[in-house]
Amino acid sequence: MLDFRSKIKFICSAITRSRPLYAQLMITDNCNLSCKMCGQAALRGSRSAELNRGYNRLAELTLEELEVVATNLRKVGSPLLVITGGEPFLRKDLEDIVRIFRKQGIQVRIQSNGQLINEDRIDALLSLGVSEYSISLDTLDFDKQDQINGRTGSGLQAIKALAILSRVLPRRANFTLVNTVVSPLNLHDLLALIKFVTRIGFFHSLIPAHVRDNTPVGTLGVGGKTLSSHDHNFKFITFCQLDSIFQQVLEMKKSGYHIHNSERFLRDSLSFLKGEKVVQRCLAPDVYFHIRYDGSVTACLEQSSGVGLNIANDDFWERYKRKSEYRKKLKTVATSCHGCMYACYAELNYFCTNLDVFIRRGIDDFRKRNYQRKVYSYSEMLSIVKECCE
Ligand SMILES: C[S@@+](CC[C@H](N)C(=O)[O-])C[C@H]1O[C@@H](n2cnc3c(N)ncnc32)[C@H](O)[C@@H]1O
Ligand code: SF4
Ligand code: SF4
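Residues numbered from 1 in each chain as written. Chains lettered and ligands numbered in written order. Predicted model: local features only at pLDDT ≥ 70, side-chain atom pairs only at ≥ 80, totals over all residues.

Caption draft 1: Looking closely at the overall build of the protein. Within the protein, the regular secondary structure consists of 15 helices and eight strands. For the protein, contacts bridging at least 24 residues in sequence account for 77% of all contacts bridging at least 6. (Helix = DSSP H or I, 4+ residues; strand = E, 2+ residues; numbered from the N terminus. Contact = placed C-beta atoms within 7 Å.)

Structure (structure tokens):
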């Protein structure tokens, strides 16, 4: 949960839109999994041939460069930074990176596949003030999870990570999330997964699988490095079961299961998965923006081309202050985009533009303030998995 100061800043930013509520930083492009629905993984694979031929990959930002990023981010005024990748835990200096941003008073949340999480690292990150994570898990059928991830044992490893987080993180008012990409591969596993996440006391974020054909999800940049996938196994072609499962998900949300998504988001996700156009105004870059692993600023994770603005450069702040120069370009990208249903962006759009979502989120957060979860060990979690799948 955001601390009080950051929360006030967050709410004020949502109302005035005078500064972004949140920035996302991809600290690495590398990953230890190759999930089938992940456009980044697909591109990594297709690029390995080029890498072997000496393709000059952009280097990740060094700690010195990240110091500049953090100073600039403080000046921009975003209260929250989500560290993502690739897989953030692949960076051995993750703790140093977090320290740099914390020093500037920025709250940090980490998105991870859970494979490299261990107690020492989570302890160290907690002592730096990182108490919330998003862990990816798409099904409790671990063979299937391994197939999706392209690695044997990865599903169970994600459960181990959740058990470590359960033990180490604060039990009260902690909004650690399990991220699930909804696709035909796991549609029938969703209800069990929601029950499991609720039982272990974390919260669940459902993200519809983004699949592109020739028509891109967004107005994609040259290079096409995006999160959405080309794998059509992740695309729904029949919808009747989709309708009925989403109806049950909505009912579960109403009856108190830990589904973090707003009802509006769930309804629009259903339409999106059916291939319908979801109309919403994209608020990038005013409300959120993305920083690629080389420091270049883009509207979001889906947009691979920058606008010539690099937050790791010393002249960033001077250029940022003359907002119209780059903002116009980023806005053009965002407004001409076909739209997306990535929870990290779409939910913020609703939060800032839809009074009903704004109020409900406020009520939800207020209720969760006193929520206290129990601690579960790995073997206890496995028993809960079994019960939820029965
Ligand atoms: C790109 S990953 C980066 C962080 C980390 N490696 C992880 O897996 O959590 C961030 C999130 O994007 C989700 N994702 C990957 N491919 C997607 C797609 N085609 N559509 C929607 N979400 C996707 C992942 O499941 C994950 O929850
Ligand atoms: S979704 Fe995350 S874990 Fe999977 S390949 Fe993409 S970056 Fe790696
Ligand atoms: S709608 Fe906005 S956040 Fe979503 S893909 Fe398009 S530009 Fe990115």
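Caption draft 2: How the structure looks around helix H4 (residues 94-103). All buried positions along H4 are accounted for by Leu94, Ile97, Val98, Ile100 and Phe101. All buried residues of H4 lie within an arc of 155 degrees about the axis, which places them on one face of the element. For H4, the secondary structure elements touched by its buried residues are helix H3 (63-76), strand S2 (80-84), strand S3 (107-112) and helix H5 (119-127). Directly beyond the C-terminal end of H4, a positive phi value near 75 degrees is found at Gly105. (Buried ≥ 20, exposed ≤ 12 C-beta atoms within 10 Å, placed from the backbone. Arc of directions from axis to C-beta.)

Caption draft 3: Focus on the sheet that holds S3. Within the open sheet, the eight strands sit side by side as S6-S5-S4-S3-S2-S1-S7-S8. Their pairing is mixed. Only two strands of the sheet have a single partner each, and these edge strands are strand S6 (203-208) and strand S8 (297-298). Pairing of strand S5 (residues 177-182) with S6, which is carried by six bridges, proceeds in the parallel orientation. Paired with Val178 across the two strands is His204, which belongs to S6. (Pairing = 2+ DSSP bridges.)

Caption draft 4: Focus on the environment of Arg264. By secondary structure assignment, the location of Arg264 is in helix H10 (residues 263-273). In sequence terms Arg264 and Tyr350 are 86 residues apart; their C-alpha atoms lie 8.0 Å from each other. When near neighbours in sequence (up to four residues on either side) are disregarded, Arg264 contacts Tyr350, Asn354 and Val357.

Caption draft 5: Structural context of the packing of H5 against helix H7 (residues 154-168). Across the interface, H5 lies against H7 with an axial gap of 10 Å and an inter-helix angle of 40 degrees. As the angle between them shows, H5 and H7 are arranged oblique. Relative to H7, the crossing made by H5 is right-handed. Taking contact as the criterion, the partners of Glu119, Ile122, Asp123 and Leu126 in H5 are, on H7, Ile164, Leu165 and Val168. Tallied by class, residues from the contact of H5 with H7 come to five nonpolar, no polar and two charged. (Axes fitted to C-alpha atoms, helices over the stretch in contact; angles between N-to-C directions. Parallel < 35°, antiparallel > 145°, perpendicular 65-115°, else oblique. Left-handed = near helix turned anticlockwise from the far one by under 90°. Nonpolar A, V, L, I, M, F, W, Y, C, P; charged D, E, K, R; others polar.)

Caption draft 6: Up close: the environment of Pro208. Structurally, Pro208 is set in strand S6. Judged by the 25 C-beta atoms lying within 10 Å of it, Pro208 is buried. In the structure, Pro208 is positioned 26 residues away from Val182 in sequence and 4.7 Å away in space, judged by C-alpha atoms. Beyond its immediate stretch of four places on either side in the chain, Pro208 contacts Val182, Ser269, Phe272, Leu273 and Met341.

Caption draft 7: Fine view of helix H14 (residues 355-368). A rise of 1.5 Å per residue sets the reference length of H14, with its 14 residues, at 20 Å; its end C-alpha atoms lie 20 Å apart and thus fit the reference within 8%. Burial analysis of H14 places just zero of its 14 residues in the buried class, a small minority of the element. (Expected span 1.5 Å × (residues − 1).)

Caption draft 8: Structural detail: the packing of helix H6 (residues 142-149) against H7. Axis separation between H6 and H7 bottoms out at 7 Å; the angle between their running directions is 105 degrees. By the angle class used here, H6 and H7 are roughly perpendicular. Across the interface between the two elements, Phe142, Gln145, Asp146 and Asn149 of H6 pack against Ser154, Gly155 and Leu156 of H7. Split by residue class, the contact of H6 with H7 holds two nonpolar, four polar and one charged.

Caption draft 9: Representation of the site of ligand 1 within the structure. Not every one of the 21 residues close to ligand 1 is listed here, only the nearest: Cys38, Asn113, Ser136, Asn179 and His210. At the level of elements, helix H2 (39-52), S3 and S5 are the ones that each hand at least two residues to the shell around ligand 1. Its residues placed into classes, the shell around ligand 1 shows eight nonpolar, twelve polar and one charged. (Near = placed C-beta within 6 Å.)

Caption draft 10: Expanded view of the pairing of S5. Most of S5 is tucked away: six of the six residues are buried. Residues Leu177, Asn179 and Val181 point to one face of S5 and Val178, Thr180 and Val182 to the other, with burial holding for every one of them. In this fold, the crossover linking S5 to S6 by way of helix H8 (residues 190-200) has right-handed handedness. (Right-handed = clockwise from strand over helix to strand, strands pointing away.)

Caption draft 11: A look at unusual backbone geometry. Put simply, Gly85 and Gly86 share a cis peptide bond, and its omega is 25 degrees. Along the chain, the position of Gly86 falls in the loop between S2 and H4. Of note, Ala173 is a non-glycine position whose phi angle comes to about 45 degrees, a positive value. Along the chain, Ala173 turns up in the loop between H7 and S5.

Caption draft 12: Fine view of the confidence of the model for the protein. Per-residue confidence for the protein gives a mean pLDDT of 87, with 89% of residues at or over 70. Throughout residues 215-224 the model reports pLDDT below 50, and contacts reaching past four residues in sequence, or to other chains, amount to 24 contacts. (pLDDT = per-residue confidence, 0-100.)

Caption draft 13: How the structure looks around the pairing of strand S1 (residues 22-26). In terms of burial, S1 is a largely internal element, four of the five residues being buried. Pairing geometry for S1 and S2, over five bridges, is parallel. Bridge pairing in S2 places Met26 opposite Thr84. The sheet contact formed by S1 and strand S7 (residues 288-291) spans four bridges and is parallel. What sits directly across from Leu25, in S7, is Ile291.

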